[in-house]
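Observations on the model geometry
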Amino acid sequence: MEIKNASFIASNSDYRKCPVGNLPEYAFIGRSNVGKSSLVNMLTGRKRLAKTSQMPGKTQLINHFIINNEWYLVDLPGYGYARRGEKGREDIRRIIESYILAREALTCLFVLIDCRHEPQKSDLAFMEWLGENGIPFAVIFTKADKIGKSRLQEHIRAYSEKMLESWEELPPMLASSAETRTGKDEILDYIDTINRRLKHADSEEAM
């Protein structure tokens, strides 16, 4: 897939105020400072589409971007940022959970994980919650340029083994780097495959 145009549409704290319509939505989420905004900018080829910051927890709203006038890329707040305080964390949790559970247009959630670290309890618990609620998701291991290929595969294997302790089947797993643009084609092709499947299903229903 080639992204020809990408534009910011709206920011909201309430999923009910998000854009109306039936376009599929692909949302990106991860622990604070996982490189989410950088990944969004890399995928779209726009350096400043999503705001990046050295300070974790910058994204605090549901941000919608229209891609090729065909689907929405959704930048969600990060989870697990301790400095927000109890009330701040609760507000973010409410925003995230209400969107994920109630947004009918959500087609796939991409869970971003920093590939440099061993399996984190917060990531594993979040993905377990997604599974319990039947939310379709895929995993993207970010910052792949920061470690060697062998260590990257070791860490992905460690997550896989940990998840297989309670999962019968693993979600799709991809690796990316905003610096080297690693994974860009694979992620966009994955989205494109789902979009084509949805269009085919719609055309069959119309017959």
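Refer to the structure printed above.
Residues numbered from 1 in each chain as written. Predicted model: local features only at pLDDT ≥ 70, side-chain atom pairs only at ≥ 80, totals over all residues. Heavy atoms only, no water.

1. Examining the sheet that holds strand E7 (residues 173-175)
If you walk across this open sheet you meet the seven strands as E1-E3-E4-E2-E5-E6-E7, and the pairing is mixed. The sheet terminates laterally at strand E1 (6-12) and E7, the two strands that pair on one side only. For this sheet the average axis-to-axis angle between neighbouring strands, irrespective of direction, equals 25°. In terms of strand pairing, strand E3 (residues 62-67) meets strand E4 (residues 71-75) through five bridges, oriented antiparallel. In the strand pairing of E4, Ile67 is matched with Trp71. (Pairing = 2+ DSSP bridges. Helix = DSSP H or I, 4+ residues; strand = E, 2+ residues; numbered from the N terminus. Axes fitted to C-alpha atoms, helices over the stretch in contact; angles between N-to-C directions.)

2. Notes on the nonpolar core
Ranked by size, the top nonpolar core spans 35 residues in total, and within it Ile100, Leu109, Val111 and Phe126 carry the most contacts. Broken down by secondary-structure element, the contributors of at least two residues to this core are strand E2 (25-30), E3, E4, helix H2 (85-102), strand E5 (106-114), helix H3 (121-132), strand E6 (137-142) and helix H4 (149-163). Those residues within four positions of Leu109 in sequence are excluded, and the remaining contacts are Ala27, Ile29, Leu76, Ile100, Phe126, Leu130, Pro136, Phe137 and Ala138. If you look at the next biggest cluster of nonpolar residues, it comprises 25 residues, including Ile3, Leu39, Ile67 and Leu188. (Core = buried A, V, L, I, M, F, W, Y, C linked by side-chain atoms within 4.5 Å. Buried < 20%, exposed > 50% of the residue type's maximum accessible area, 1.4 Å probe, protein only. Contact = heavy atoms within 4.5 Å.)

3. Side note on the pattern of salt bridges
The tally for this structure, following the rule as stated, stands at 11 salt bridges. Residues joined in a network through salt bridges with shared partners are Glu90, Arg93 and Glu97. (Salt bridge = Lys/Arg side-chain N within 4 Å of Asp/Glu carboxyl O.)

4. Observations concerning the packing of H3 against H4
Direction vectors running N to C along H3 and H4 enclose 50°, while the axes themselves pass 11 Å from each other. Considering the angle they form, H3 stands oblique to H4. Relative to H4, H3 is oriented so that their crossing is right-handed. Where H3 approaches H4, its residues Asp123, Leu124 and Met127 are matched on the opposing element by Tyr159, Lys162 and Met163. Class assignment of the residues belonging to the contact of H3 with H4 gives a composition of four nonpolar, no polar and two charged. (Parallel < 35°, antiparallel > 145°, perpendicular 65-115°, else oblique. Left-handed = near helix turned anticlockwise from the far one by under 90°. Nonpolar A, V, L, I, M, F, W, Y, C, P; charged D, E, K, R; others polar.)

5. Overview of H3
In this model H3 runs 16 Å from its N-terminal to its C-terminal C-alpha over 12 residues, within 8% of the 16 Å that 1.5 Å per residue would give. Phi turns positive, to about 65°, at Gly134, one or two residues after H3. (Expected span 1.5 Å × (residues − 1).)

6. Here's the deal with the environment of Arg103
Along the chain, Arg103 falls in the loop between H2 and E5. If sequence neighbours within four positions are ignored, Arg103 has contacts with Tyr15, Cys18, Pro19, Glu25, His64 and Ser98. From its side chain, Arg103 meets the backbone oxygen of Pro19 in a polar contact 2.5 Å long. (Polar contact = N/O pair within 3.5 Å; in protein donor to acceptor, adjacent residues only side chain to side chain.)

7. Considering the layout of surface pockets
Within this model, the second largest pocket holds a volume of roughly 370 Å³. Taken together, 17 residues make up the lining of the second largest pocket; nearest its centre are Pro24, Glu70, Asn195, Leu198 and Lys199. Class assignment for the residues of the lining of the second largest pocket results in seven nonpolar, four polar and six charged. (1 Å grid on protein atoms, 1.4 Å probe; cavity = no way out; pocket = protein on both sides within 12 Å on 5 of 7 lines; lining within 4 Å. Points joined across faces, edges and corners; volume = space filled by probe spheres on them.)

8. Brief notes about unusual backbone geometry
The backbone of Asn68 sits at a positive phi, close to 55°, despite the residue not being glycine. If you trace the backbone, Asn68 turns up in the loop between E3 and E4. Judged by relative accessible area, which is 14%, Asn68 ranks as buried. Look at Arg181: it is not a glycine, yet its phi comes out positive at around 65°. Assignment of secondary structure puts Arg181 in the loop between E7 and helix H5 (184-206).

9. What to know about the side chain of Asp123
Note that Asp123 resides in helix H3. Here Arg31 takes part through its side chain, which lies 3.2 Å from a polar atom of the side chain of Asp123. With sequence-adjacent residues up to four places away left out, Asp123 is seen in contact with Arg31, Tyr79, Ile113 and Tyr159.

10. Structural notes on the pairing of E6
The buried fraction of E6 is high, at six of six residues. Two strands pair when backbone bridges link them, and E5 and E6 are joined in this way by six bridges, in the parallel orientation. Note on E6: the bridge partner recorded for Val111 is Val139. In this fold, the crossover linking E5 to E6 by way of H3 has right-handed handedness. In this structure, E6 lies alongside E7, joined through three bridges in parallel fashion. Residue Phe141 lies in a different strand from E7, and its bridge partner there is Ala175. For the handedness criterion, the β-α-β arrangement of E6, H4 and E7 is classed as right-handed. (Right-handed = clockwise from strand over helix to strand, strands pointing away.)

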